[in-house]
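Examination of the molecular architecture
Residues per chain are reported as follows:
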Amino acid sequence: MDKFVIRGGNPLLGTIRVGGAKNAALPCIAAALLTDEPVILENIPQVRDIETTRKLLTAMGAEVELGYGRAQHRTTISCRNLASPEASYELVKTMRASTLVLGPLVARCGRARVSLPGGCAIGARPIDLHIKGLERLGAKITQDHGYVEASAERLKGGEIVFDKITVTGTEDLLMAATLAEGETIMQNCAREPEVEDLANLLIKMGAQIEGAGTSTIRIKGVNKLHGAKHAIIPDRIEAATFIIAGALTGGDLNVVGCDPQHLGALLRKLEETGVKTKQTADSVRVMGDNPLKAADIVTEEYPGFPTDAQAQYMALTTQAEGTSIITENIFENRFMHAQELVRMGANIKIEGRRAIVRGKSPLSGAAVLASDLRASASLVLAALVADGETIIDRVYHIDRGYENIEEKLRGVGAQIRRIGEILPKKAAVRA
Ligand code: EPZ
């Protein structure tokens, strides 16, 4: 398994570019299942989760070509004939977002067999709200042997009120409703920019949708959707990660290719900690020359402070003067990074959903273990300011959602390199 070796102490200086949003690309790729015509997506990040999704759709009979070379961030998906509308446990267990194929498959093929995702490092991650929503649209659902089977001659529009705000639940049912008969009204929807980006693609494909990005979405079902071309929005969490890196290392970093409109909660919070930033329409310049001050956060659904930036923010608070209280409201087990930060010298106490961080504590490099995607990012950030060398194991977690993060960080002065698995050399074959 690959590792990162990072030597801390360098301020990040210069320009770093943000890629396409993984969490918009995943539902947009799933949306291609809704039509037998090609869907072309631009600004697709080259990360593991996209590769997993490619495998998932290919296994169903779709043709998914990922562009390389100049067109390397483009994918063309053709779902002319879907031989088996299934998502196997082997793939779903590696990526929970595979459940995003459930709604599109039932809507397009009249049936779907998708492995239940099971839990993951950050929580139980149930999909009961996806299932309840599909039942509201007339799908017949059975669950056995770890799979959920859904079927419907044709889904019927209806009223859905989500008990809890769910991002992929909103996306799954939004896609299902586009081909249902009649109108669907969904309330208490997720308002994340990624939901809106998916709706924009679906509208280009001929769907009739109003209100995406707000908590009430109306969909008028149509009989057929056609192909389309769409560019994925920038990744606001990758942008947040780099902005925090610039602040934490006391650098002067220009984060380009992002959308500051999607970063309001983070930018307001960073102001509170004394970090100066300057925004343009597609960039955020962060200047970390002020000493950092403690500031509390509570993670909330969008537009609140994003749970996906909580771990990265925790790394920042270890270097802020004072006590910061971090409340994680979305997932029940999303403090795995805390113990690794403590091993590097941070002062963090976990009390249920709250982490109490007392700073400023000098960090020292150590051998640490990545546990999930955003926890890994948090360890990279801590290593950038730690004294000495940090070795982060299991960086495949970070490869799920960050494209070439070590090259991007090296490009702005970080001392980071990837060491692959030193495989035993194959014995020379005797001639
Ligand atoms: C999406 O996950 C993101 N993933 C996550 O990003 C992100 O952390 C999360 O939204 C919250 O913003 C993708 O978009 C692919 P939820 P999702 O359904 O949709 C509970 C990353 O790091 N819930 O909004 O799975 C659930 O347990 C990943 O990129 C139910 O109870 O999250 C959680 O407590 C990690 N029943 C809360 O709702 C359901 O049927 C929010 O989950 C569904 C969810």
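Please refer to the structure placed before this passage.
Residues numbered from 1 in each chain as written. Predicted model: local features only at pLDDT ≥ 70, side-chain atom pairs only at ≥ 80, totals over all residues. Heavy atoms only, no water.

Before going further, it helps to spend a moment on the pairing of strand S1 (residues 3-7). The side chains of a regular strand alternate, residue by residue, between the two faces of the sheet. In the sheet, S1 pairs with strand S24 (residues 415-419) via 5 bridges, with the strands oriented antiparallel. Bridge pairing in S24 links Lys 3 to Ile 419. (Pairing = 2+ DSSP bridges. Helix = DSSP H or I, 4+ residues; strand = E, 2+ residues; numbered from the N terminus.)

The terminal C-alpha atoms of helix H2 (residues 48-60) lie 19 Å apart, and with 13 residues this matches the ideal 18 Å at 1.5 Å per residue to within 8%. Residues of H2 that are buried: Asp 49, Ile 50, Thr 52, Thr 53, Leu 56, Leu 57 and Met 60. Considered in projection along H2, the buried side chains sweep an arc of 155° and stay on one side of the axis. The elements touched by buried residues of H2 are helix H1 (22-31), strand S4 (63-66), strand S5 (75-78), strand S6 (86-87), helix H3 (89-92) and helix H4 (102-109). Just downstream of H2, Gly 61 is the residue with a positive phi angle, here 110°. (Expected span 1.5 Å × (residues − 1). Buried < 20%, exposed > 50% of the residue type's maximum accessible area, 1.4 Å probe, protein only. Arc of directions from axis to C-beta. Contact = heavy atoms within 4.5 Å.)

Right, let's talk about the side chain of Gln 319 for a bit. Among the structural elements, Gln 319 can be located in the loop between helix H10 (310-317) and strand S19 (322-327). Of the residues examined, Gln 319 reaches a relative accessible area of 10% and is grouped as buried. Ignoring any residue separated from it by four or fewer positions in sequence, one finds Gln 319 in contact with Leu 248, Leu 292, Lys 360, Ser 361, Leu 363 and Val 385.

With that out of the way, let us pick up helix H7 (residues 193-204). Over its 12 residues, H7 extends 17 Å from the first C-alpha to the last, a length consistent with the 16 Å expected when each residue adds 1.5 Å. Residues Pro 193, Glu 194, Val 195, Asp 197, Leu 198, Ala 199, Leu 201 and Leu 202 constitute the buried set of H7. Following H7 by one or two positions, Gly 206 adopts a phi angle in the positive range, close to 105°.

Here Asp 197 lies in helix H7. Despite its burial, Asp 197 pairs with no opposite charge; the closest candidate is Lys 204, at 6.8 Å N-O. At a separation of 3.2 Å, a polar atom in the side chain of Asp 197 contacts the main-chain amide nitrogen of Ile 233. Other than its neighbours up to four places away in sequence, Asp 197 contacts Ala 24, Cys 28, His 230, Ala 231, Ile 232 and Ile 233. (Lys, Arg positive; Asp, Glu negative; His and termini not counted. Salt bridge = Lys/Arg side-chain N within 4 Å of Asp/Glu carboxyl O. Polar contact = N/O pair within 3.5 Å; in protein donor to acceptor, adjacent residues only side chain to side chain.)

A side chain with one charge can pair with a side chain of the opposite charge if their charged atoms come near. Considering all chains together, one arrives at 25 salt bridges under this definition. A salt bridge links Lys 224 to Asp 36, with the shortest nitrogen-to-oxygen separation between them at 3.0 Å. Highlighted residues: Lys 224 in the loop between strand S13 (216-220) and strand S14 (228-231) and Asp 36 in the loop between H1 and strand S3 (39-42), separated in sequence by 188 residues. A salt bridge links Glu 238 to Lys 408; its shortest N-O distance comes to 2.7 Å.

A word on the sheet that holds strand S20 (residues 347-351). Strand order in the open sheet formed by 4 strands is S18-S19-S21-S20, with mixed pairing between adjacent strands. Of all strands in the sheet, those with a lone pairing partner are strand S18 (297-298) and S20, marking the two edges. Both S20 and strand S21 (residues 354-359) contribute to a ladder of 5 bridges, which runs antiparallel. The residue of S21 that forms the bridge with Lys 349 is Ile 356.

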